[in-house]
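Here is what each chain is made of, one letter per residue.
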Amino acid sequence: MAGEGQAIKAVNPATGDTMEPSFGGAVPADVEKACALAAEAFDRYRETSLEQRAAFLEKIADNIEALAEPLTERAHAESGLPVARLQGERGRTAGQLRLFAKTVRDGHWLDARIDPALPDREPLPRPDLRLRNIAVGPVAIFGASNFPLAFSVAGGDTASALAAGCPVVVKAHPAHPGTSELVGSAIAKAVEDAGLPEGVFSMLHGADHATGTALVTNPHIKAVGFTGSRGGGLALMKAAASRPEPIPVFAEMSSINPVLLLPEALKARGAEIGKGFAGSLTMGAGQFCTNPGLVLALGEEGLDAFVSAAKEALGESAPATMLTPAIHTAYDEGVAKLEAHSALELIGRGGESTGPHQSRAALFAVDHEAFMNDDALQAEVFGSSSIIVRCRTAEDAAQVLERVEGQLTITLQMDEGDTETARPLLPIMERRAGRILANAFPTGVEVSHAMVHGGPFPATSDSRTTSVGTLAIRRFLRPVCYQSISESLLPEVLRDANAEGVPRLVDGDMKIN
Ligand SMILES: NC(=O)c1ccc[n+]([C@@H]2O[C@H](COP(=O)([O-])OP(=O)(O)OC[C@H]3O[C@@H](n4cnc5c(N)ncnc54)[C@H](O)[C@@H]3O)[C@@H](O)[C@H]2O)c1
Ligand SMILES: O=CCCC(=O)C(=O)O
């Protein structure tokens, strides 16, 4: 249906041109209808068999892949991201849907447990106790601007919520309405083909914040998934907490992803690391939540080689179109503040902009003391901007790690001889980040079982979770205990027969049957 609210048109950031067609924004009645349909669909959808739900997720993946190049071409026009990147992202989006299909079929996520009755136990008999996870209810999801496929309408939040058995109502990102419409139609077709209630999936357009706020505060909504700005995430958290029935907001917001250059690695490989760092910093115009916005250099030997290599690589880097005019403006303003900071030394810039909304990479350096004296220097500048902090000792680096806020990632560039330098830093890194890397760069999140794309606030709103990887399903589940419930009333997965062969913890022993 066409929304009757404020019309939205995409802007091609590479040209500044407004794109056709316009998309009707949602009005409050549309939000209520989508949420009511989701609530109506909930009990039926959450009780789909493991096979039915897995097949549904796979059908979504097939439908998205069938959109082929028209999808990546529209996403390219709306985001300015290269077509090759978007082709890879389309594959990643389909792949994570299929990974969740496998996860659903495996059944481990149900965490099925049985403590058989002990009627003769003294002094008190134990009743029959059984537990399974069930879906929390309809979930509101906010598509992210910087991954118009893998973190948007059919992104990891949608995939994990649908895998958990939750209907979803997606608030499309206003930066890529056409891309959202194409993917939303692919999901809606999969719902129809699977014979599921239409309320399993809805999508709403909304240019302003009213639609998102109405969605989060709708009583049918029981959880929220969000990737975007710290301000946006905090606002939605506040709205969700102020409801008569508060609900969780799983927001991925802000991270500067420190990279530590340990002494032996810096000495042996400074230039090589500097070049690799510059590549990570400028990837996707720096618009990755895992962008390395802070470098902690331990010691001086090899630092000049790192800085020279990074400066040279940045100087050769082409200007890159940013996702939206607002994101580009925020980046330029952030870099201008750093350039004006008296304690910062400008090391190098990327190639000159040649078109609208193009950003130039920027690399700065600062002494440890000056960094410690001004928390403004750890504010995220979303884009290809980073600060090298000169640390004389590992203790200086430890002080910085203790000072920075929660992070998605912290990376060690280290050689064998750096092991004892790294050891005392690990506990701090564990407390500060969701993912710790060695001798790699943080951009390039693997969609897998052992991935954590999360971390302490403000990286995310709940450090116990992840938005990428199969663990993400847990955000949208809650446990229910069945005590002394008769076999015929129990859910299939907890009946003695265990028809779907779900792994179960029986009296403390894992039984795979
Ligand atoms: N952490 C990340 O991965 C990540 C990704 C993209 C953007 N960002 C940050 O966000 C900034 C803006 O980019 P963006 O437009 O993608 O993010 P955004 O937070 O402005 O918007 C994301 C979505 O949330 C909605 N929204 C935002 N604030 C809201 C509010 N107060 N109430 C209701 N709905 C609200 C928007 O309409 C949009 O649909 C970037 O400059 C960057 O700093 C971070
Ligand atoms: O931008 C947020 C996610 C980053 C990511 O998925 C990647 O680095 O691959």
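Residues numbered from 1 in each chain as written. Chains lettered and ligands numbered in written order. Predicted model: local features only at pLDDT ≥ 70, side-chain atom pairs only at ≥ 80, totals over all residues. Heavy atoms only, no water.

A. Up close: the site of ligand 1. Looking at ligand 1, there are 20 residues lining it, with Ser145, Lys171, Ser229, Glu252 and Met253 nearest. Note that a nitrogen atom of ligand 1 is positioned 2.8 Å from one of the side-chain N or O atoms of Glu252. Measuring from a nitrogen atom of ligand 1, one finds a backbone N or O atom of Met253 at 2.7 Å. Contact with the protein chains hides 86% of the accessible area of ligand 1, taken as 800 Å² for the molecule alone. Contributing elements (two or more residues each) for the shell around ligand 1: α6 (209-216), β10 (223-227) and α7 (230-241). Sorting elements by how many residues they give to the shell around ligand 1 places α7 first, with 3 residues. Both of domain 1 (23-118 + 126-253 + 463-477) and domain 2 (258-438) provide at least three residues apiece to the shell around ligand 1. (Near = heavy atom within 4 Å. Polar contact = N/O pair within 3.5 Å; in protein donor to acceptor, adjacent residues only side chain to side chain. Areas by Shrake-Rupley, 256 points an atom, 1.4 Å probe, with all protein chains shown as cover. Helix = DSSP H or I, 4+ residues; strand = E, 2+ residues; numbered from the N terminus. Domains from an automatic or database assignment.)

B. How the structure looks around the state of the cysteines. For the structure shown, the criterion picks out 0 disulfides. Looking at Cys35, it has no disulfide partner, and the nearest cysteine sulfur is the one in Cys166, 13 Å off. (Disulfide = S-S within 2.5 Å.)

C. Main features of the domain arrangement of the chain. Annotation of the chain at the domain level lists domain 1 (23-118 + 126-253 + 463-477) and domain 2 (258-438). Each of domain 1 and domain 2 has a C-alpha centre, and the two are 33 Å apart. Counting residues at the interface gives 12 residues for domain 1, matched by 12 residues for domain 2. Together domain 1 and domain 2 conceal approximately 870 Å² of surface at their shared face, both sides included; 57% is due to carbon and sulfur atoms. Connecting domain 1 to domain 2 are 1 salt bridge. Among the ionic pairs, Arg230 bridges to Glu405, the shortest N-O distance being 2.7 Å. At the surface where domain 1 touches domain 2, the tally comes to 2 residue pairs in polar contact (both at pLDDT 80 or more). (Contact = heavy atoms within 4.5 Å. Buried area = accessible area lost by both parts, 1.4 Å probe. Salt bridge = Lys/Arg side-chain N within 4 Å of Asp/Glu carboxyl O.)

D. A look at the sheet that holds strand β15 (residues 345-349). Strand order in the open sheet formed by 7 strands is β15-β17-β18-β13-β12-β19-β20, and the pairing between neighbours is mixed. The sheet terminates laterally at β15 and β20 (433-438), the two strands that pair on one side only. The sheet shows a mean angle of 20 degrees between the axes of neighbouring strands, taken without regard to direction. Bridge count between strand β12 (residues 259-261) and strand β13 (residues 294-298): 3 bridges; the pairing is parallel. Across the sheet, residue Leu261 finds its bridge partner in β13, namely Ala297. Of the strands in this sheet, β12, β13, β15, β17 (362-367) and β18 (385-391) are in contact with helix α9 (residues 303-316), which crosses β15 at around 45 degrees. (Pairing = 2+ DSSP bridges. Axes fitted to C-alpha atoms, helices over the stretch in contact; angles between N-to-C directions.)

E. Layout of the side chain of Ser145. Of note, Ser145 is situated in the loop between β7 (139-142) and α4 (156-164). Exposure remark for Ser145: the relative accessible area of 13% places this residue in the buried category. When residues no more than four places from it in sequence are discounted, the contact partners of Ser145 are His173, His176, Leu323 and Ile327. (Buried < 20%, exposed > 50% of the residue type's maximum accessible area, 1.4 Å probe, protein only.)

F. Just unusual backbone geometry, in detail. Residue Pro21 is bonded to the preceding Glu20 through a cis peptide linkage, with omega at -5 degrees. Tracing the sequence through the fold places Pro21 in the loop between β3 (17-18) and β4 (23-25). Omega for the peptide link from Glu122 to Pro123 comes to 0 degrees, which places this bond in the cis form. Secondary-structure assignment places Pro123 in the loop between β5 (112-115) and β6 (129-135). Positive phi outside glycine occurs at Asn439, with the angle close to 50 degrees. Secondary-structure assignment places Asn439 in the loop between β20 and β21 (477-483). You can call Asn439 partly exposed: its relative accessible area is 41%. The backbone phi angle of Asp507 is positive, close to 55 degrees, even though this residue is not glycine. Taking relative accessible area as the criterion, Asp507 reaches 45% and is therefore assigned partly exposed.

G. The packing of aromatic side chains, seen in detail. As enumerated under the stated definition, the model contains 6 aromatic pairs in all. On the basis of an interplanar angle of 65 degrees and a centroid distance of 5.8 Å, the ring pair of Phe142 and Phe226 is categorised as edge-to-face. Here Phe226 lies in strand β10 and Phe142 lies in strand β7, a separation of 84 residues in the sequence. Neither residue differs from the other here; Phe142 and Phe226 are each classed as buried. Summarising the aromatic geometry, the rings of Phe147 and Phe288 are spaced 5.3 Å apart at their centres and angled 85 degrees between planes, so their arrangement reads as edge-to-face. Here the residue Phe147 occupies a position in the loop between β7 and α4, and Phe288 occupies one in the loop between α8 (263-282) and β13, the gap between them amounting to 141 residues. (Phe/Tyr/Trp six-rings, centres within 6.5 Å; stacked < 30°, edge-to-face > 60°.)

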